[in-house]
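# Topology and contacts: notes
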Amino acid sequence: MDGASATPQDVANGHAGGANGHTTDLSQVLHALQAIYNPKSNNETRRQATEYLEQAKRHPEAPSHGHTLALDTSQPAQLRHYGLTMLEFSIRYGWEDFTEEQANVLRSYVVELAQSITAQDPVYLRNKVAQLWTEVAKRSWGAEWMDMDQQLVELWQSSLHHQAVVLYVLETLSEEIFNREDPTAGLRGSDLGRACVEIFTPAAVLTEHLPGRDKSLDVRHGDEGWLKRLCDNLSWCLSQDYQHQDAVKLCAVKTMNALRACMPWIIPKAIAAVQVIEHVCKALAVPVTELQVASVDVLQAIYTRHHLHDDEFVELVCPMFTPGSVSLLQEVYNWTLADMNIHDLDEKKYNLCKKLSELANSLGLFIEQKPQQVPEGSDLPGIFRFLYDVARNPSLVVSIPVLHCWTKLLRSKIVRESPVVTNMVGGLLEICCARLIRYEVFPEDSEDITILFLNEDIDTVPERHAFLGNYRRFCADVIDVLVRRTPVEAMEHILGQAINTFQNLYNDIPPFQQQTFTKHSAPVLKVDAQVTIIDSALKGYLKWLSTHGNEPQEDERKRNAMEDSFEQWGRQVLQARFDDPEIAKKIIQLMSTFSTKALPDRPAFALSFLEYMLTVRLADNPAYPQYADTVKDLERICSLEMQKLAMKFADDFMNVYEQLENKVNEMMADPTTDDRQRMAYSAFLFIIVHRCTQLDRESQEERMRQMLTQIKDAWQNNEFTNSVSSFQAFCGSLGMAQLPEFLSANNFRGVQDWSEQPLSGDGQAMQAVILEQSQRLPLRLTKTLLAASTEKLRDGSAAYESAARLWAEVIPALLPNLLQLVSHAQAFNDIDSNWSYLPPDLQQVIQRVLTDRFWQAGISTESRDDFFARVSGSKSTYEGFASTVRGTVRQIRESSYYILYSLTRFRDFFYGIENLSGPLSQALFGHAHALTAHHLSVLLTVSTHLIEGCPSHVRPQFLPDMIQGLFRELNGKITKEWDEVSQQVVNAGENDNLTDEMKTESILRQLTYSSVTLVAVLLDSRQEFARLDDDQRKDGPPICDFILSSPAVLEPILLFCNTCIHVRDTRSVNTTVRVLRTLLPRFKEKSPIRDYFCNELLKTAIISLHEPYFVDCQKDLASLIAGIIHLDDDIPRAIILSLPGMGDYSRVERKLAKLKAVNRSDERQQRSIVLDLLSSVRGLSIQEQGRIERAKPRRKTKFEEQYMSVEPSAGAIVRGTSPGLEGVAGMFDS
């Protein structure tokens, strides 16, 4: 390079060649690249080479060298590619520092590179050139660069490989300006959007349909526009030998990709004018899967547009309902099925099949929305047959979008009453009934065709469970709708089918035996499916009942006939005896639904059903633990259903109260009846007395008071009071006074696997004492009668008022010892407070005793049933002993929580107690730091009820202690636990127990998100009101008004929020950020709270914005940062100027001024300015950094995401640390 005359390259660098002595040896670049790609290079060599190449991109002459390298076809492809990355770096990070002349030269480089590509260039080089074109376009097209369209058209007319560059540019610009939120495009969003509309839309369409648009934007070349050129190009490709010429086939696919990208935003009239649908359907008709998939993607992009007007519906959607289009869809679908074999699946055709189903869903939903607009001559019967065929597909993933569509279509009277759909009703009912079986419990190696497809389609257990839950819900919805339409015929068919199933459960298999009991046997699954079908049918029947009106006499006649039929059917079922306790449970729950909902005026049936439950006694057999546990569960279900009957038929049962009381007393006296059952029977009688309307109030309350007196006396008992007077007394009362000595004497510390070590006779005796002593606490009876007193009662009803009056006498007697019990049950887990006197190794044993075993879907390696079988089978081992100790204390804790929660129902009788909040807060939170995240979640739940239930007039007295205590503990626990998780990841070794780590992280995510959800309720009245019923909403101003006017209450919540915008859980971060954004308008005036936002919260938001983990939160974080910057002129500016890479004061001032000037309601532009301002510290994902090639998992469509989405939990743990970006966490002085 000669310094005498400046070349375009020199201009781009801002100086003549050789100035400042900068030179770069191109051979070193090549050597550095070779060192990186050479498998024999060591890590240090690679590190130095990478460092050198990164520096080379920052060199003042980088654009010139990059351009030279990339143009030189004699150089290796990877060197030319590196040249392009040098240019990319200058465009992305140096553009705004260039003069207009320098920017023009840089743009000319990119245009020259695009013009110079050849067919021999690797695809990735061509794509990189096209990417550079779009990067320049986002920054200057429509401003300085006015002839881009002309240059694209010239390229378009050159060759197929030049066309590929143009197609890449068109698709990417569409995506980044309209469909994805690209921060660079966002800065010029409206200008770029107008330019796109201008060059894509035919001139004639613009003139006719957008006559008032801004015509000063002179960016288009030619009249036809890119939409027309793309369709013409597709027609040309289809006229060539696309089956044998890969370049032509690829060109057709890329053309349709570009069409797909512009379908969501182009004006509908342009789509119709250019006949996009007709062109694309021609591609769908060719037997080349790649073209068919691309064509379906274009159609789907059109049909997922929202708010099409009637004329647009006719022009865009109705062409798919013509006989020719319907026939085409059916033929292509049949073609995908022709040789579908799950053992040798053609992936491309199967993918096309799934996409066709999604397209069918979109078309079907249009019919549901606008059935009257479908023109004469449309083949709606053909579309319905097509939808019916797809719903029957053996793959549930193919079937589900259309099944979902049917749930909506059948709600349309026009659709429902069409002859073709009427003929399909039986078939639809059959499909849905057959598929309500619980596929998730089938064995993995099942040869069932449905299971084989599920294994193919869904990778993880949680996704499979979520998917099958959705599929079952849609099947149930279809049954519900069909029963509503023809209740008599449908119910007759469904109940007949169920009786037939119940009577033939053991055909071809041995009869039930206790020793072979399993919760998911074939007979259990059959009964479960029938019960689910009938439950869905009853929902439909009840909805039909609620809409009686047109023919009241006929409807009433039908109702009586159906109730007769239901009662007859129910009595027939009650004649049968089911020895399998799992089946008996399901039958009893079904009969309860019939009795309380479908037959609410048939007390005779309710009494027969009650008698059935009182006489269901399956033999308990401890030799088979799983069977014995299910028998106990059956007894519990019977108790619950008896109580439901008592609530519904209290007056009818009161008529035979004496006989019922005698029968219940007889059963309570039976030595085989355990305490739990006795208390349930007491609650049953209590409910009858409480809910009946026949007794006068005095005698009713006297009877109830007698029952409640035993609770009052139990809580005030001197012996019980002494047993909770200290932690030592508490342990002694549970038979655990000598626990450390027992653990030491039996050498628990020396045993590795506690589940394999049998428990001695002394140990089993101590275990029995612990269980027996815990049963003597007055918790269970209190819980049972509280539930009986409050369940299904509306505040203000006569029954509620009498319960509140009676419990008001009990609450003061109960509370002092209850709070002591809560405190000790939490303190049991506090090693530092209560076990620190023990030697360190014995403290570790206590810690291990307190460590729960738990199973988690999608993470635990064994099935849920296997886990419970393992726990059940280890009762007489060291692990079983430890489980008894921690389980007893946990049960006490959680029963106490439930009692506190139930007392909130009595409003002022509870909250009005003087000085309640201090002792309550101390009891709940004094030792809460010692609880695990799992146990703290339960405490969070009861605390949420206590806080939300507080009447508005008591908030100033009750809430401060509660909120301060709760958020102090949450902040401490969540901070500590996330730090430990991060440390585990950093220090992870080869042999670490990944499953335990994943379970720990998953539970921590759930705790964090539940806590953040409470924050949203407390600080955002919309969230609060969404959770309240009408009566609660009338109770004074929203809780956020109180909190936001009380700095001492708000402070711990904001401290917690500051923690939560930096936890490793995207969902929690996004929720917290959104809540904080809603608060910003409240703090416009100078205050300590506003300063906290502008200082601490801003710093944490910037730190999170910097870290690669939070890439998916950047939109929300950027919006929060923009909002905070608007709050105050000085503090945010000072913080931003203190950041690394922010030394250019004038640039920062420019950006801040621009942010203040833009429309506050234009969130996208606000975000874009912040992301641009903080680009030097904004985190890039590892893939975006180019450090690691992104693994390509099987991509899910939006539909699959919708049907398989699970509440996020730790599906995997990332090992090691991500490549280090420049640290920002230390950028702020503490």
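Predicted, not measured: the structure shown is a model, and the values here were computed from it.

### Some words on the overall build of the protein
A tally of regular secondary structure across the protein gives 63 helices and zero strands. The C-alpha radius of gyration of the protein comes to 36 Å, within 12% of the 33 Å expected for a compact globule of 1230 residues. In terms of overall dimensions, the protein has C-alpha extents of about 110 × 75 × 60 Å along its principal axes. Taken over 1230 residues, the protein has a buried fraction of 54%. Nonlocal contacts in the protein, meaning residues at least 24 apart in sequence, comprise 76% of its contacts between residues at least 6 apart. Summing over all exposed atoms, the protein offers an accessible surface of approximately 53800 Å²; the carbon and sulfur share of this is 49%. Each charge class in the protein can be summarised by its mean position, and for the 125 positive and 162 negative side chains these summaries are 1 Å apart.

### Description of helix α34 (residues 657–669)
If you check α34, its first and last C-alpha atoms are 18 Å apart, about what 13 residues at 1.5 Å a residue would give, namely 18 Å. For α34, every residue scored as buried is listed here: Tyr657, Leu660, Val664 and Met667. End-on view of α34: buried residues confined to an arc of 95°, all on one side of the axis. Those residues of α34 that are exposed and angled more than 90 degrees off the buried face are Glu658, Gln659, Glu666 and Ala669. Elements that come into contact with the buried residues of α34 comprise α31 (603–615), α33 (650–654), α35 (675–691) and α36 (697–716).

### Observations concerning the state of the cysteines
As used here, a disulfide is simply a covalent bond connecting the sulfur atoms of two cysteines. Applying the stated rule across the entire model yields zero disulfides. With no disulfide partner, Cys318 has as its closest neighbouring cysteine sulfur the one in Cys281, 13 Å distant. Its relative accessible area of 5% is what places Cys318 among the buried residues. Left without a disulfide partner, Cys405 is nearest to the cysteine sulfur of Cys432, which lies 13 Å away.

### What to know about the packing of aromatic side chains
Applying the stated criterion across every chain yields a total of 42 aromatic pairs. A centroid spacing of 6.2 Å and a plane angle of 25° characterise the contact between Phe649 and Phe653, whose relative ring orientation is stacked. Among the residues examined, Phe649 registers a relative accessible area of 1% and is labelled buried. Looking at Phe653, the relative accessible area reads 0%, which means it is buried. Pairing Phe748 with Tyr878 gives two aromatic rings, centres 3.9 Å apart and planes at 5°, and the pair type is stacked.

### Some thoughts on unusual backbone geometry
In the Ramachandran plot, Asn747 falls in the positive-phi region, its phi being about 55° despite a non-glycine side chain. Looking at the element boundaries, Asn747 is found in the loop between α39 (739–745) and α40 (761–775). On the basis of relative accessible area, Asn747 is assigned to the partly exposed category, the value being 41%. Phi at Arg907 is positive, roughly 45°, even though this residue is not glycine. Turning to its location among the elements, Arg907 is positioned in the loop between α46 (878–903) and α47 (908–911).

### Re the confidence of the model for the protein
Caution is warranted with low-pLDDT regions, since their predicted coordinates should not be read in detail. Averaged over every residue, the pLDDT of the protein is 88; residues scoring 70 or more account for 90%. Within the model, pLDDT remains below 50 along residues 1–24, and this stretch shows 42 contacts once partners closer than five positions in the same chain are excluded. pLDDT under 50 marks residues 1208–1230. Its contacts with residues more than four places away, or in other chains, come to 51 contacts.

### Remarks on the environment of Leu396
Turning to its location among the elements, Leu396 is positioned in helix α22 (residues 396–409). On a C-alpha basis, the gap between Leu396 and Arg968 in space is 47 Å, while along the polypeptide they are 572 residues apart. What Leu396 contacts, discounting residues up to four positions off in sequence, is Arg435, Tyr439, Thr450, Leu454, Phe467, Leu468 and Tyr471.

### Some remarks on the pattern of salt bridges
Counted according to the given criterion, the structure contains 77 salt bridges. Residue Asp121 pairs with Arg80 through a salt bridge whose shortest N-O separation is 3.0 Å. Taken together, the residues span a long stretch of sequence, with Asp121 in the loop between α6 (100–116) and α7 (123–140) and Arg80 in helix α5 (residues 77–94) at a distance of 41 residues. The two residues Asp121 and Arg80 agree in class, both being buried. Where Glu556 meets Arg559, a salt bridge forms, and the shortest distance between an N and an O atom there is 2.6 Å. On the criterion of helical spacing, the pair formed by Glu556 and Arg559 is a turn pair, its members being three residues apart in helix α29 (residues 552–575). In this structure Glu556 comes out as partly exposed when scored by relative accessible area, which is 32%. Here the salt bridges do not stand alone but share partners, grouping Arg438, Asp528, Glu582, Lys585, Lys586, Asp633 and Arg636 into one network.

About the cut-offs
- Residues numbered from 1 in each chain as written.
- Predicted model: local features only at pLDDT ≥ 70, side-chain atom pairs only at ≥ 80, totals over all residues.
- Heavy atoms only, no water.
- Helix = DSSP H or I, 4+ residues; strand = E, 2+ residues; numbered from the N terminus.
- Rg over C-alpha atoms; globule rule 2.2 N^0.38 Å.
- Buried < 20%, exposed > 50% of the residue type's maximum accessible area, 1.4 Å probe, protein only.
- Contact = heavy atoms within 4.5 Å.
- Areas by Shrake-Rupley, 256 points an atom, 1.4 Å probe, with all protein chains shown as cover.
- Lys, Arg positive; Asp, Glu negative; His and termini not counted.
- Charge placed at Lys NZ, Arg CZ, Asp CG, Glu CD.
- Expected span 1.5 Å × (residues − 1).
- Arc of directions from axis to C-beta.
- Disulfide = S-S within 2.5 Å.
- Phe/Tyr/Trp six-rings, centres within 6.5 Å; stacked < 30°, edge-to-face > 60°.
- pLDDT = per-residue confidence, 0-100.
- Salt bridge = Lys/Arg side-chain N within 4 Å of Asp/Glu carboxyl O.

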